[in-house]
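What follows is each chain in one-letter form.
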Amino acid sequence: MALKPFAWKDKPALIEHLFPVQKISAESFKEQEARQSKTLTPLGSYWKGRKPLILNKACILGSLLPATDNRLRDLEIFELLMGMDSETMQKRLEEKLPPSKRNLVGEFLVLPYKEQVEKAKRPEEISSLLFGHIWKRVNAHLGTSAFSFPELLNQLGVARFGRRPKIADVFCGSGQIPFEAARLGCDVYASDLNPVACMLTWGGLHIVGGRSLNDDFKQEQLTVLKKVRHELNELGVEDDGHGWYAKAFLYCVEVTCPETGWKVPLLPNLVSIGHSVVARLIPDLVRKRYNVDVEYVDEMDSAYISTGSIRSDGPKQESYVYHVVDGKEYRIKIPTIRGDNNGGSSNLRLWEKRDIVPRKDDIFGERLYAVLWTKSENNSRSAEQEFRAVTYADMEREQKVIHYVREHIEEWQEKGYLPDMVIEKGDETERLYRERGWTHWHHLFNPRQLLVNGLINKYTSANFKFAFTQVLNNNSRLSRWNSRSGVGQTASVFDNQALNTLYNYGCRGLSFLDGLFSPSYKSYPILDGLNISINSHPAQRLDVENDIYITDPPYGDAVKYEEITEFFIAWLRKNPPKEFAHWTWDSRRSLAIKGEDEGFRQGMVATYRQMTKMMPDNGIQVLMFTHQSGAIWADMANIIWASGLQVTAAWYVVTETDSALRQGANVKGTVILVLRKRHQNLETFRDDLGWEIEDAVKEQVESLIGLDKQVRSQGAEGLCRCPESTHRLFPY
Ligand SMILES: C[S@@+](CC[C@H](N)C(=O)[O-])C[C@H]1O[C@@H](n2cnc3c(N)ncnc32)[C@H](O)[C@@H]1O
């Protein structure tokens, strides 16, 4: 017999009574460690701070499942649904182990859970195989008649809210929460202020969650590459006319030494080229500059690594230019060259919009110092490849590119193939002005990069904008040349969350962009007919009702999404494909919730109050945030109170590394607060609430790291109970 609509309207949710934090921590940690093989990461590896899908699944299920009088049975069913029970673990281990070792599965099953997880596949990697055995037991306990997650979630939603549940995330970021909600079969409302976040969320739901096959992508990739290759061949700027194609161009900054008048190319060491390839600086006494020669060596001497023309020293690790003329050593600090201490009048010229390369008199010039050639138009690994010093013909090709881009830049900017956006100064972006004089986003790309990236942008559709952003991430003046990786390659700009300026960098030829441009996405088709809505608006302006909100708001000193994503927005905003055209292509920095001050609190209260308004009386909110300074507890307590909400449970899930775990109570993980509308006037003072949350979390952290022997000795149940203090404060 089916569950009646609203049968569980006022029943507490499972997550308000139990949450197996230790197992969820182990699973979340495993997923975070998977890095590039995480499900949604290939859509945009530059997006940091993704919330693990497994944790999102636990929050969604935990909010919809009822807490019954039989806690142990509730836990058992929850674990079955999460793929964390021993029978499922056996399958996960068998899938991971080579056939010759499958007989050892029994031995693994007695290991601590964390070690089992390390040796097993993640549940989502084999989900279709995993859950066949669970439905009979699940249905018997819940009174449902489901044989898949969408069927179950639909029935749970009807029992609680009278309809298929509507799950919302108004800070959706890369879309990890909406994706998991849709995959489970819920209707989804996703929104974010940032259009790049909306785009990544769209990609999760329409590409990974869609039915487009990787074959379709392959076809489009080939078409785009063919068109771009054709244009480059017409221009003759990537081949040497003898069957060799440029795979990578290496550039460095060149400064004029104020003491000698010599032009010095800035190379951090002589290994700035490739594995067993070094750069030699050959002085040209007449022109007072250095030619850069490329030399293959049999063995990489440590001297090559420690000697470079740009070095850093002293407690502040300040960079200085180093060179020797007539046996005399010269060391000039970069801040001195830049005139950082000139009382505000820097020696750096601020670039004008039309600049694409430094001007002759600029203190920081730029030069090509080596080229990696390959005997293949495509990125064939077996093809012969070699580094060569720069020739006269190379310089001619450079001029051709500069000339072409100068001729077309205005038109291409107008059409939106190239960025024309001013860099707004902010905590992170200010350094682009200060360190290099760059004022517009296109200054972060050299003429070759503008040419190739611009052509790719011109020819790509919505599906391919994801690969295009990966191209941008690896082909800019901020793409470090990593000479020790393979034959050498560019590292991504968003290796960390900063926009670091560089003295030398790599620029990829088209053949070397091939890999970034042939994405292989996982496929988890989402049920047809779900209501899925992706919107770009400030969270404060939510005007649609949803049953459950699961949010991971911006906090404290975390990633400055509103600044760094302008790197991509600048390229996409003028000419977005029709699928993305209704979002506001602006980071709207002033509307972003950020920092820790009064502005942060006001933005948060306005948002959480609005969500409270836009949910039914029996609605549930799950708020996740990273455990940071103690001050955040009191802040959160005030925000929750002022938003008309009350905490019904607090959980702590460790998502960071083992070493973080050992740091005790300061470990970085995620606090999960379960919130309900505050119906009665509780007598608690808001300050107390902060302490109570902190105490509850501390208790769980201690139990996770084994300090709380008493809780540990109680086994799994002890670790997944709701902290007493929270119950005491907020009887549900
Ligand atoms: C911590 S991130 C969310 C990460 C996400 N859960 C994930 O897994 O990728 C916070 C998000 O809040 C967004 N944000 C900041 N201020 C906002 C506002 N006023 N309205 C809506 N979104 C905002 C940021 O753009 C960012 O995507």
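In what follows, the structure referred to is the one given above.
Definitions and limits used
- Residues numbered from 1 in each chain as written.
- Predicted model: local features only at pLDDT ≥ 70, side-chain atom pairs only at ≥ 80, totals over all residues.
- Heavy atoms only, no water.
- Helix = DSSP H or I, 4+ residues; strand = E, 2+ residues; numbered from the N terminus.
- Buried < 20%, exposed > 50% of the residue type's maximum accessible area, 1.4 Å probe, protein only.
- Contact = heavy atoms within 4.5 Å.
- Areas by Shrake-Rupley, 256 points an atom, 1.4 Å probe, with all protein chains shown as cover.
- Near = heavy atom within 4 Å.
- Polar contact = N/O pair within 3.5 Å; in protein donor to acceptor, adjacent residues only side chain to side chain.
- Nonpolar A, V, L, I, M, F, W, Y, C, P; charged D, E, K, R; others polar.
- Salt bridge = Lys/Arg side-chain N within 4 Å of Asp/Glu carboxyl O.
- Core = buried A, V, L, I, M, F, W, Y, C linked by side-chain atoms within 4.5 Å.
- Pairing = 2+ DSSP bridges.
- 1 Å grid on protein atoms, 1.4 Å probe; cavity = no way out; pocket = protein on both sides within 12 Å on 5 of 7 lines; lining within 4 Å.
- Points joined across faces, edges and corners; volume = space filled by probe spheres on them.

Would you mind showing me how to read the overall build of the protein here?
Looking only at helices and strands, the protein features 28 helices and 19 strands. Evaluated residue by residue, the protein yields a buried proportion of 59% over its 732 residues. The contacts in the protein between residues at least 6 apart in sequence include a share of 74% that link residues at least 24 apart. Roughly 30,200 Å² of accessible area belongs to the protein as shown, and the carbon and sulfur atoms make up 48% of that amount.

What should I look at first to understand the site of the ligand in this one?
Residues in close proximity to the ligand total 24 residues, the closest being Lys51, Ser174, Asp192, Ala539 and Asp552. Between Leu193 and the ligand, the recorded distance is 3.2 Å, taken from a backbone N or O atom to a nitrogen atom. Within the backbone of Ile593, one N or O atom sits 2.9 Å away from a nitrogen atom of the ligand. With the chains in place, 97% of the 600 Å² that the ligand exposes on its own is no longer accessible. Grouping the amino acids of the shell around the ligand by side-chain chemistry returns 13 nonpolar, seven polar and four charged.

Even after reading the chapter, I still don't get the pattern of salt bridges, so can you show me in this structure?
A side chain of one charge can pair with a side chain of the opposite charge when the charged atoms of the two come close. According to the stated counting rule, one finds 47 salt bridges in the structure shown. The partner of Asp547 in a salt bridge is Arg163, and the shortest N-O contact between them spans 2.6 Å. You can see Asp547 sitting in the loop between strand S15 (532-536) and strand S16 (548-551) and its partner Arg163 sitting in the loop between helix H9 (149-161) and strand S1 (166-169), a full 384 residues away along the chain. For Arg163, a relative accessible area of 31% puts it in the partly exposed group. Through salt bridges that share partners, Arg349, Glu352, Arg354, Asp355, Arg359 and Asp362 make up one connected network.

Got a minute to help me understand the nonpolar core in this structure?
Within soluble globular proteins, side chains that are nonpolar generally end up buried alongside one another. Core analysis: the largest hydrophobic core is formed by 142 residues, its most contacted members being Phe19, Leu81, Leu451 and Phe567. In this view, Leu81 contacts Lys57, Leu61, Leu65, Phe131, Ile134, Trp135, Val138, Phe149 and Leu152; residues no more than four positions away in its chain are not counted. Val605, Met615, Phe625 and Leu645 belong to the second largest nonpolar core, which has 31 residues in total.

Just checking my understanding: could you explain the pairing of strand S6 (residues 289-296) for this structure?
Within a regular beta strand, the side chains point alternately toward one face of the sheet and then the other, so they alternate between its two faces. Sheet topology note: the strand S5 (residues 277-284)/S6 ladder contains eight bridges and is antiparallel. What sits directly across from Ala279, in S6, is Val294. In this structure, the hairpin formed by S5 and S6 is closed by a connection of four residues, where Lys288 is found at a positive phi of approximately 50°.

What exactly am I supposed to notice about the side chain of Thr551 here?
Along the chain, Thr551 falls in strand S16. Here Thr551 falls in the buried class, since its relative accessible area comes to 0%. Polar contacts involving the side chain of Thr551 include one to the side chain of Tyr608, which spans 2.8 Å. When sequence neighbours within four positions are dropped, the list of residues in contact with Thr551 reads Asp169, Val170, Phe171, Tyr608, Met611, Val622, Leu623 and Met624.

Any chance you could explain the layout of surface pockets here in plain terms?
Unoccupied space between atoms shows up once a probe the size of one water molecule is rolled over them. Put simply, the second largest pocket is a space of about 890 Å³. As for the second largest pocket, its lining consists of 31 residues, of which Glu254, Arg289, Glu366, Arg367 and Met395 are closest to the centre. Elements supplying a minimum of two residues to the lining of the second largest pocket: strand S3 (245-256), S6, strand S10 (364-374), helix H15 (392-415) and helix H17 (447-459). Here the lining of the second largest pocket takes six residues from H15, the largest share from any one element. Broken down by class, the residue content of the lining of the second largest pocket amounts to 14 nonpolar, five polar and 12 charged.

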